[in-house]
Amino acid sequence: MAWYAQLNMRILAIETSCDETGIAIVEARLASGTTKSIKVLANLLISQAEVHAQFGGVFPAIARREHAKNIVPLILHALKEAKLSKKLKHARLLTKKEDSVLTKIFHKESELFEVFKDKLLSLKIPAIDAIAVTSGPGLEPALWVGINTAEALGALWNVPVIPVNHMEGHVVAALLTTDNKQLTTYNIQSIQYPALALLISGGHTELVLMPSKGKYKMLGQTRDDAVGEAFDKVARMLGFAYPGGPEISKLAEKAPPHEKLSTPLPRPMLKSGDLDFSFSGLKTSVLYAIKKFETLTDRDRELIAKDFEDSVTEVLVAKTLTAGKKYNVKEIILGGGVTANKKIRKVFAEKVAQEMPGTKLSIPDILLSGDNGLMIGVAGLLRSRSKKHIIANGTLKLAKSVSPTLAELRKRK
Ligand code: KG4
Ligand code: ZN
């Protein structure tokens, strides 16, 4: 379905792939000419970071429990903000058919079903045209909470449910621009193909070629830890709680600019000749660097954080530019929680301008770099392909051809 056919289409979006419950309500608009734009009626987030901090990482069963606790109240809050929540005088009674459909959907979540009935049956059906929901990749127990709630809303409001790939959501986040201070409208920049996406989050590190609209080809990925995971683990070694990325970033900024670690950390796979990554060895090198100090001072911590951040940045930039030049891309898109990192943003901007001056660089606004419902809503609007029974897929891939090596790609040509 084309965007125009759905003008003013309203989507309620649900994101529960990891430790953030995100709910957004977005409406498709035309800005000027053919520029696509959206109106944001609500964009809400409840982070579980503090709950998981004590465990040093995200626990799937706890993430599931927290999503189940937060999702219905957050949907109600979003509907209220969007002025779409009208109370009925008397709560609706479920028909036998509706009751059996919902019972089936929530067969493993009886508590969530009770809250769902209690809160949503007393509302008038809102003017929502579809529900978008993250179907993967992510933690399956967490994904199911979002999917079940989306399917139940779809059944209750008689609207289609659109499954969204979380990583496509991160790509879409980079396309959203605004000068609107209230963040109630965004323009959607069109992608210039061929484009290259570097997706860096807590669970993923992927270099994906986008030859044309909606097509993805995996060029390289991490062989072990994801970048965000490495940030989190190194932060933990330096004594910081989950999520450690922002802490490392702050620490690195404090390091004196001209001082360096006496033995610099490695730049993993920099010269590997392919487009894959590996961050697990770098993490071990940080551990050895820490062990070298009898007592670790704040300055030592800052220098380690800086060199770690520099190493990651150098490798990410080098591989992205190699791929960008090889495939002659017109646009480079960064996506995922790690794009909140100021150093990474800065070095990418400098290097792309220097080495690929004709190439557009799109990086999400810091507010949209982490997981959020808005990116899922917009990805849903752009795709608009609904599905009857959605299945959580923890390892859902954007690209079908998984990780061909450069040598393989050369052979195929
Ligand atoms: O995309 P995201 O919000 O969730 C996943 O889909 O995984 O990414 C979360 C990751 C975490 O590992 C977090 O430490 C990292 O993004 N992160 C950062 C920064 N802010 C968040 N990493 C480096 N520097 C940051 N400023
Ligand atoms: Zn994410």
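Residues numbered from 1 in each chain as written. Chains lettered and ligands numbered in written order. Predicted model: local features only at pLDDT ≥ 70, side-chain atom pairs only at ≥ 80, totals over all residues. Heavy atoms only, no water.

Caption draft 1: Examining the coordination of the zinc ion (ligand 2) more closely. Around the zinc ion (ligand 2), the donor atoms from the protein are His166 (NE2), His170 (NE2) and Asp371 (OD), and they sit 2.0 to 2.1 Å away. All donor residues of the zinc ion (ligand 2) come from one chain, and their arrangement in sequence is H-x3-H-x200-D. Residue His166 and its partner His170 are located together in helix 6 (residues 166–173), separated by four residues, close to a single helical turn. Here the two residues His166 and His170 agree in accessibility, since each one is buried. (Donors = N, O, S within 2.8 Å, 3.2 Å for Na, K, Ca; no water. Helix = DSSP H or I, 4+ residues; strand = E, 2+ residues; numbered from the N terminus. Buried < 20%, exposed > 50% of the residue type's maximum accessible area, 1.4 Å probe, protein only.)

Caption draft 2: Structural context of the site of ligand 1. In the vicinity of ligand 1 there are 19 residues, among which His170, Gly202, Asp232, Gly337 and Asp371 approach most closely. In the model, an oxygen atom of ligand 1 is placed 2.9 Å from a nitrogen or oxygen of the Gly202 main chain. Here a nitrogen atom of ligand 1 sits 3.1 Å away from a polar atom, N or O, in the side chain of Asn341. Contact with the protein chains removes 88% of the 560 Å² of surface that ligand 1 exposes when unbound. (Near = heavy atom within 4 Å. Polar contact = N/O pair within 3.5 Å; in protein donor to acceptor, adjacent residues only side chain to side chain. Areas by Shrake-Rupley, 256 points an atom, 1.4 Å probe, with all protein chains shown as cover.)

Caption draft 3: Spotlight on the domain arrangement of the protein chain. When the domains of the protein chain are assigned, the result is domain 1 (9–174 + 369–412) and domain 2 (191–363). One C-alpha centre belongs to domain 1, the other to domain 2; they are set 29 Å apart. Taken together, both faces of the contact between domain 1 and domain 2 bury some 2,400 Å²; the carbon and sulfur share is 64%. The tally of links from domain 1 across to domain 2 stands at four residue pairs in polar contact (both at pLDDT 80 or more). Among the elements of the structure, helix 1 (49–53), helix 6 and helix 13 (406–412) are those that each provide at least two residues to the side of domain 1 that touches domain 2. Looking at side-chain class alone, the side of domain 1 that touches domain 2 contains 14 nonpolar, eight polar and seven charged residues. (Domains from an automatic or database assignment. Buried area = accessible area lost by both parts, 1.4 Å probe. Nonpolar A, V, L, I, M, F, W, Y, C, P; charged D, E, K, R; others polar.)

Caption draft 4: View of the nonpolar core. Among the nonpolar cores identified, the biggest contains 45 residues, and Phe308 and Leu316 are the most heavily contacted of them. Going through the elements one at a time, strand 8 (195–200), strand 9 (205–210), helix 7 (227–237), helix 8 (245–254), helix 9 (280–292), helix 10 (298–326), strand 11 (331–335) and helix 11 (342–355) are the ones with two or more residues in this core. The dominant element in this core, judged by the number of residues it contributes, is helix 10, at 10 residues. In this structure, Phe308 is in contact with Ala230, Phe231, Val234, Ile248, Leu265, Leu282 and Val286, ignoring residues within four places of it in sequence. The next biggest cluster of nonpolar side chains, apart from the first, holds 41 residues, and it includes Ile14, Leu44, Leu94 and Ala392. (Core = buried A, V, L, I, M, F, W, Y, C linked by side-chain atoms within 4.5 Å. Contact = heavy atoms within 4.5 Å.)

Caption draft 5: How the structure looks around the pattern of salt bridges. Counting across every chain of the model gives 25 salt bridges. Residues Glu109 and Arg64 are paired through a salt bridge, measuring 3.2 Å at the closest nitrogen-oxygen approach. Of this pair, Glu109 sits in the loop between helix 3 (96–105) and helix 4 (110–120) while Arg64 sits in helix 2 (residues 60–81), and the two are 45 residues apart along the sequence. Classification of Arg64 by relative accessible area gives partly exposed; the value is 29%. (Salt bridge = Lys/Arg side-chain N within 4 Å of Asp/Glu carboxyl O.)

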